[in-house]
Amino acid sequence: MDAAIQQAPAGEDMGSTIIGVTVLFWVIALVALCMRFWSLRIRKRGFFAHDALILIAFFFGTALAVCLIVSVQTAGMGKHSAELILAGEPWRLITFAKLLIGWQILWCLSVTAVRLSMVHLYLYLFSTKKTFQIACYIMLAICYAWAVAEVLVVFLFCRPIEANWDPAAAATGSCGNLEAAYISVHAANFAVDLSIALLPTFVLWELKMRTAKKVGIMLMFALGILICSIAVARIALYKLILAYDQSDFTYAGSTMFVFTAMEPLLGCALACMPMLQPVAEAATGSVVMSWVKSLITKTKTKSSSQGGTSTSITGSGKPVRNGYWRAGSSQEGLHPGVGEHHVSIGSFYGARTGSRKGDDSDVTMTSTFEMTVEPYRPGR
């Protein structure tokens, strides 16, 4: 240990990376949460258990983010342990060990609340599927059992609990097998996440809709598999730490601490995705999108009108008599000041766009003509 202290590298600090990633994913989760409740307002639906649980998950995720940032600022997380000892700050290692207990509990509570929110969402969406509902209730019980097991591991791993940070207490107390405990908890973590992600697959496959749309919905619900990849990465990283140097956990575990921040916050964001369709519809129907669409239409109209005597005219005009057309003020392709033109119609097709009966959105008729335009002469 003394030799390691003498060779302690200086200047290596992962603290800024841990803080940056934590803040980034916190903002992503916050934006997703705001969009979720914007969707709730658009749909004018009630506030249900899955909404309350995702708020609880975000609360614990925020507390976890704060705890990680405090660990960087006050406990030396992201720095080499030997560097802290050389700087005369060994107390930071004790503070780190104490905070480690706290953010393991916060991580567990946040992840569990995300899972409970997803399962309650399944119960809300597929309330008529009795067999599926039974499977959901079983999954809820598994989620609660996993959370209780994780909390027990944290508090009972070392006896007395002070042995986690106090060498004197560790000398007289006892601790379990850290590697076995960590891998067991996170292997179960992976299995639960994967089960929740795949749980609605069979129900969704039975829906009567086009296969492409059905697969798209299934993939949206299966986004939780991304969380499974984080669980696998955490196990792999922990194995690397054990092979590297457990005494330098404040630095060697930096990448794993980044995943600790990512997992519950990304889970909050992904749990909101199935609820964001109203926001997407509102965005595509916004003033900005309408302006973009009109700009594209005008550009196509102008480029088409430059091709010769055969022109494409879209807009509001009125037939004056058989074979004639009076141009509206917004028509393009006709000479300004000429009110009537003789029209030889080459082909005609039209499209009606709008929404179903009872909707408040406007219904427009868009017709496109390919025609030859000649000045109208009276008596012709």
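This text gives an overview of the structure that appears in the document. Note that the coordinates shown come from a computational prediction; the quantities given were computed from them, not determined experimentally.

The rules behind these values
The numbering scheme is per chain: residues are counted from 1 as the chain's sequence reads. At least 70 in pLDDT is required for a residue's local features to be given in this predicted model, at least 80 for side-chain atom pairs to be given and counted, and no such filter applies to totals for whole chains, interfaces and linings, which use all residues. Side-chain calculation: all heavy atoms of the structure are included, whereas hydrogens and water are not. Two cysteine sulfurs form what is called a disulfide whenever their separation falls within 2.5 Å. Helix and strand assignments follow DSSP, with helices taken as H or I runs no shorter than four residues and strands as E runs no shorter than two, numbered in order from the N terminus. Note on exposure labels: buried denotes an accessible area under 20% of the residue type's maximum, exposed denotes more than 50%, and partly exposed covers the range between, all computed with a 1.4 Å probe on protein chains only. Here the axes come from fitting lines to C-alpha atoms, over the contacting stretch only for helices, and the angles between their N-to-C directions go from 0 to 180 degrees. Each angle gets one of four labels, with under 35 degrees taken as roughly parallel, over 145 as roughly antiparallel, 65 to 115 as roughly perpendicular, and the rest as oblique. Each crossing gets its hand from how the near helix is turned against the far one by less than a right angle, where anticlockwise is left-handed and clockwise is right-handed. We call two residues in contact whenever any of their non-hydrogen atoms come within 4.5 Å of each other. Polar here means any residue other than Ala, Val, Leu, Ile, Met, Phe, Trp, Tyr, Cys and Pro, which are nonpolar, and Asp, Glu, Lys and Arg, which are charged; Gly is therefore polar. Put simply, a nonpolar core is a bunch of buried Ala, Val, Leu, Ile, Met, Phe, Trp, Tyr and Cys residues held in one set by side-chain atoms that sit within 4.5 Å of each other.

### Brief notes about the state of the cysteines
So, step 1. If you walk through the whole model with that rule in mind, you get one disulfide.
So, step 2. Linked covalently through their sulfurs, Cys158 and Cys175 form a disulfide whose S-S length is 1.9 Å. The S-S bond linking Cys158 to Cys175 shows a torsion near 115 degrees; that makes this disulfide right-handed. With Cys158 in strand β1 (residues 158-159) and Cys175 in strand β2 (residues 174-175), this residue pair connects regions lying 17 residues apart in the sequence.
So, step 3. Given a relative accessible area of 42%, Cys175 falls into the partly exposed group.

### Some points on the packing of helix α5 (residues 91-125) against helix α13 (residues 254-272)
So, step 1. Running from N to C, α5 and α13 point in directions that differ by 20 degrees, and their axes come no closer than 10 Å. The orientation of α5 relative to α13 falls into the category roughly parallel. The crossing of α5 and α13 is left-handed. Contacts from Phe96, Trp103, Trp107, Ser110, Val111, Val114 and Met118 in α5 reach Phe257, Thr260, Glu263, Pro264, Gly267, Cys268 and Ala271 in α13.
So, step 2. Each residue belonging to the contact of α5 with α13 can be placed in one class, and the counts come to ten nonpolar, three polar and one charged.

### Considering the nonpolar core
So, step 1. Core analysis: the largest hydrophobic core is formed by 70 residues, its most contacted members being Met77, Trp103, Tyr122 and Ile196.
So, step 2. Discounting chain neighbours no more than four positions away, the residues touching Met77 are Asp13, Gly15, Ile18, Leu68, Ser71, Val72, Phe96, Trp103, Thr250 and Phe257.
So, step 3. Counting five residues, the second-largest nonpolar core is a separate cluster that includes Phe157, Cys158, Ala163 and Ala169.

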